[in-house]
Amino acid sequence: MPSLPASVPYPRAAEICRWTLATFGDLRGLRAGLRAAVDVAAAGPDVSDRMTVVATELATNALRHGLPPTVVRLLREGDRLIIDVSDHDREAEPRLAENRPLGGGGLGLQLTRRFAIDVGWYATELTKHVWASFPS
């Protein structure tokens, strides 16, 4: 399975919002908060919907496969909105699940690549981040 490209996105991006998730039940609050924040950022309903799907998929992956806590940040740089999802499992590179049977899982990163302008990942001393950017 190939991995996502390793790259740090938009180094001057400003944080708009942040959500810390401990359980799958926290995803509901993430979705509601993200929709409100993206609507305020005037990105439009299509972008808001795509960003919500991507944030949910990336956060679900982090909760399922990463180490807590999972942190989701909404960032903005210029005409881009960025979703950045981090967890504390620095060793596990995000991998694209290709040729997996329908219903076999692993579609989150593929959806992310379809819905976002750019997608990548990077690691810091403490965390692994998967990010996706969208037009604002």
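Everything that follows concerns the structure shown earlier in this document.
Definitions and cut-offs
- Residues numbered from 1 in each chain as written.
- Predicted model: local features only at pLDDT ≥ 70, side-chain atom pairs only at ≥ 80, totals over all residues.
- Heavy atoms only, no water.
- Helix = DSSP H or I, 4+ residues; strand = E, 2+ residues; numbered from the N terminus.
- Buried < 20%, exposed > 50% of the residue type's maximum accessible area, 1.4 Å probe, protein only.
- Arc of directions from axis to C-beta.
- Pairing = 2+ DSSP bridges.

Draft legend 1. Examining the environment of Arg 95 more closely. For Arg 95, the location among the structural elements is in the loop between strand E3 (80-87) and helix H3 (108-115). Considered as a pair, Arg 95 and Gln 110 are 15 residues apart in the sequence and their alpha carbons are 9.8 Å apart.

Draft legend 2. Region of the structure containing H3. Every buried residue of H3 is listed here: Gly 108, Leu 109 and Thr 112. Looking straight down H3, one finds its buried side chains confined to an arc of 95°; they lie on one side.

Draft legend 3. Broad picture of the pairing of strand E2 (residues 70-77). When you tally the buried positions in E2, you get seven out of eight residues, the bulk of the element. As paired strands, strand E1 (residues 14-21) and E2 are joined by seven bridges and run antiparallel to one another. Within E2, the position partnered with Trp 19 by the bridge is Val 72. Across seven bridges, the pairing between E2 and E3 is antiparallel. The residue bridging Glu 77 from the neighbouring strand is Arg 80, located in E3. A loop of two residues connects E2 with E3, the two strands running antiparallel in sequence, and Gly 78 in this loop sits at a positive phi of about 55°.

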